[in-house]
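Working through the structure, step by step
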Amino acid sequence: MTTNIQSVHFDADKKLIDFANEKVNKLTTFFDGIISCDIILRLDKSSTSDNKVAEIKLAIKGNDLFSKKQSLSFEESIDLACEALKTQLIKHKEKLFAK
């Protein structure tokens, strides 16, 4: 699986990039047909402190799965987005084997 990470309006440090890669790679335990992953990390222009946004798009055979989460830290946003994608992957896998 190839992973592309973009950081918008800031420079992501190595620790954050490694965290994102680790979380996304764990998704392969639920579905091994993931082709590629695009992660976009950006700072939202909101006045509140929960302005860290993580958007994750997984390319799988047939269609794409997407999750966008916003919270106080990028780590939390990535974690929440991966949890949502985990649920989507499990549902997708169930549909595939139900046929």
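Residues numbered from 1 in each chain as written. Predicted model: local features only at pLDDT ≥ 70, side-chain atom pairs only at ≥ 80, totals over all residues. Heavy atoms only, no water.

1. Considering the pairing of strand β2 (residues 34-43)
Inclusion rule: Pairing between strands requires that DSSP locate at least two bridges from one strand to the other. Only runs of H or I of at least four residues qualify as helices and only runs of E of at least two qualify as strands under DSSP, and these elements are numbered from the N terminus. Classification remark: right-handed applies to a crossover when, strands pointing away from the viewer, the course from the first strand over the helix to the second runs clockwise.
Where strand β1 (residues 2-8) meets β2, seven bridges bridge the pair, whose relative direction is parallel. Looking at β2, one finds that Val 8 is bridged to Arg 42. Handedness of the crossover is the feature at issue here: the chain leaves β1, passes through helix α1 (residues 14-26), returns alongside β2, and the resulting connection is left-handed. As defined by bridge partners, β2 adjoins strand β3 (residues 52-60) across nine bridges and the pair is classed as antiparallel. From the neighbouring strand, Ile 40 faces β3, where its bridge partner is Glu 55.

2. Quick notes on the pattern of salt bridges
As a reminder of what qualifies: By convention in these notes, a salt bridge is any Lys or Arg side-chain nitrogen within 4 Å of a carboxyl oxygen on Asp or Glu. Throughout, exposure labels follow a simple rule: accessible area from a 1.4 Å probe, protein chains only, divided by the maximum for the residue type, with under 20% read as buried, over 50% as exposed, and the rest as partly exposed.
Tallied over the entire structure, the rule returns eight salt bridges. Residue Lys 14 is joined to Asp 18 by a salt bridge in which the shortest nitrogen-to-oxygen separation is 3.2 Å. Taken together, the residues Lys 14 and Asp 18, both in helix α1 and four residues apart, mark about one turn of the helix. Across the pair Glu 83 and Lys 86 runs a salt bridge whose closest N-O atoms are separated by 3.9 Å. In this pair, Glu 83 and Lys 86 are both assigned in helix α2 (residues 74-98), three residues apart and thus about one turn of the helix distant. In this structure Glu 83 comes out as partly exposed when scored by relative accessible area, which is 42%. On the accessibility criterion, Lys 86 (26% relative accessible area) is partly exposed. Look at the salt bridges and you will find they share partners, linking Arg 42, Asp 44, Glu 55 and Lys 68 into a network.

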